[in-house]
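Take a look at the letters that make up each chain.
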Amino acid sequence: MTRRIRIAHLYPDHMNIYGDRGNIVALRQRCLWRGIACDVLLVGPGATVDWSGIDIAFFGGGQDSGQALIAEDFLERQGPALRAAIDDGLVMLAICGGYQLLGHYFLTHTGQRLPGVGALDVYTVGGKERLIGNVVIETEPTLCGAPLRLVGFENHSGRTYLGAGVRPLGRVLVGHGNNGEDRTEGAVYRNTIGCYLHGALLPKNPQLADHLIAVALQRRYGDASALVPLDDALELAAQQVMVERMLLRD
């Protein structure tokens, strides 16, 4: 039996900044190299999605203008069903603006309160200064079975704070992370990850890409077998160089 992964890419024309589309490329290619069929559903404004047929959802970041254009559609058309799917264990990765819209709300620096879908127990408060630069984090051991050092790039004015219903993706070693205060980065709830790591995240961190694929296969097929190893020597060497370079500069 050919295993198949179905990926929903939310608002690719509006929420695709700093290479976020590369996350879809990485997921699809790493499936195909292993003989796993992979379909990508592009979810734009007005689209109807049967979330029970989706294995991985991806929601990238965007300019404030792009985020404003899709926010209402996301909240009203996708929000309730997607929240239910996330509660049911859907595998999802959300970056920056997508991460913020999965939370309870975004209070802008001008005082405007923008609602989120409440799928993640987080809220965001806008700041006047942007948090920009390369990031290195160390993940919680429970994410992939061992701590990982992940690299990425952040550029956000929002400060995101975590509630009791989520745990951090990791601890910031270099950079600002969620809010520049508590040294956390990202949020994890069930099989959903939200974070501020652009770059694109998954090509730079193939271990995380494989974690998402493995969990999606387990959920769809009950397949607990390990993924066929790929030759990631170049990717992991580049990742290690970036980690060492950033730690030396910090």
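Residues numbered from 1 in each chain as written. Predicted model: local features only at pLDDT ≥ 70, side-chain atom pairs only at ≥ 80, totals over all residues. Heavy atoms only, no water.

Draft legend 1. Highlighting the pairing of strand S1 (residues 4-10). Burial analysis of S1 places five of its seven residues in the buried class, the great majority of the element. Strand direction decides the pairing type here: S1 and strand S2 (residues 37-43), joined by seven bridges, are parallel. If you follow arginine 4 over to S2, its bridge partner there is alanine 37. Note on the crossover from S1 through helix H1 (residues 22-32) to S2: the handedness is right-handed. Here four bridges tie S1 to strand S3 (residues 56-59), and the two strands are oriented parallel to one another. By the bridge assignment for S3, isoleucine 7 is matched with isoleucine 56. (Buried < 20%, exposed > 50% of the residue type's maximum accessible area, 1.4 Å probe, protein only. Helix = DSSP H or I, 4+ residues; strand = E, 2+ residues; numbered from the N terminus. Pairing = 2+ DSSP bridges. Right-handed = clockwise from strand over helix to strand, strands pointing away.)

Draft legend 2. Quick look at H1. Taken residue by residue, H1 has Gly22, Asn23, Ile24, Ala26, Leu27, Arg30 and Cys31 as its buried positions. The elements touched by buried residues of H1 are S1, S2, S3, strand S4 (91-95), helix H5 (201-204) and helix H6 (206-221). (Contact = heavy atoms within 4.5 Å.)

Draft legend 3. Quick look at helix H7 (residues 233-249). With 17 residues, H7 should cover 24 Å at 1.5 Å per step; its first-to-last C-alpha distance of 24 Å lies within 8% of that length. Among the residues making up H7, those that are buried are Gln239, Val243 and Met246. All buried residues of H7 project into a common sector of 75° when viewed along the axis, lining one side. Turned more than 90 degrees off the buried face of H7, the exposed positions are Ala233, Leu234, Leu248 and Arg249. Where the residues of H7 are buried, they touch strand S7 (122-139), strand S8 (149-162), strand S9 (170-174), H5 and H6. (Expected span 1.5 Å × (residues − 1). Arc of directions from axis to C-beta.)

Draft legend 4. Highlighting the state of the cysteines. Per the stated rule, a full pass over the model turns up zero disulfides. Looking at the unpaired cysteine 96, the closest cysteine sulfur is the one in cysteine 195, lying at 9.2 Å. Residue classification places cysteine 96 among the buried positions, given a relative accessible area of 9%. For cysteine 195, a relative accessible area of 0% puts it in the buried group. (Disulfide = S-S within 2.5 Å.)

Draft legend 5. Local environment of the sheet that holds strand S12 (residues 192-195). In spatial order, the strands read S2-S1-S3-S4-S12-S11; together these six strands make up an open sheet with mixed pairing. Because the sheet does not close on itself, it has two edges, and the strands there are S2 and strand S11 (187-189). Sheet twist, expressed as the mean angle between neighbouring strand axes with direction ignored, is 15°. In the packing of H1 onto the sheet, the strands contacted are S1, S2, S3 and S4, and the crossing angle to S2 comes to about 160°. (Axes fitted to C-alpha atoms, helices over the stretch in contact; angles between N-to-C directions.)

Draft legend 6. Geometry of the environment of alanine 81. Mapped onto the fold, alanine 81 is located in helix H2 (residues 64-87). Its relative accessible area of 40% is what places alanine 81 among the partly exposed residues. Through-space distance from the C-alpha of alanine 81 to that of alanine 47 is 13 Å; in sequence the pair is 34 residues apart.

Draft legend 7. Local environment of the pattern of salt bridges. Across all of its chains, the model carries nine salt bridges by this definition. With its nearest N and O atoms 2.8 Å apart, the salt bridge here joins aspartate 210 to arginine 30. Of this pair, aspartate 210 sits in helix H6 while arginine 30 sits in helix H1, and the two are 180 residues apart along the sequence. Arginine 30 carries the same exposure label as aspartate 210, and that label is buried. Among the ionic pairs, aspartate 210 bridges to arginine 34, the shortest N-O distance being 2.8 Å. (Salt bridge = Lys/Arg side-chain N within 4 Å of Asp/Glu carboxyl O.)

Draft legend 8. Expanded view of the packing of H1 against H6. Axis separation between H1 and H6 bottoms out at 10 Å; the angle between their running directions is 70°. Considering the angle they form, H1 stands roughly perpendicular to H6. When you trace H1 past H6, the crossing you get is right-handed. Side by side, H1 and H6 meet where Leu27, Arg30 and Cys31 of the first sit next to Pro206, Ala209, Asp210, Leu212 and Ile213 of the second. When its residues are assigned to classes, the contact of H1 with H6 shows six nonpolar, no polar and two charged. (Parallel < 35°, antiparallel > 145°, perpendicular 65-115°, else oblique. Left-handed = near helix turned anticlockwise from the far one by under 90°. Nonpolar A, V, L, I, M, F, W, Y, C, P; charged D, E, K, R; others polar.)

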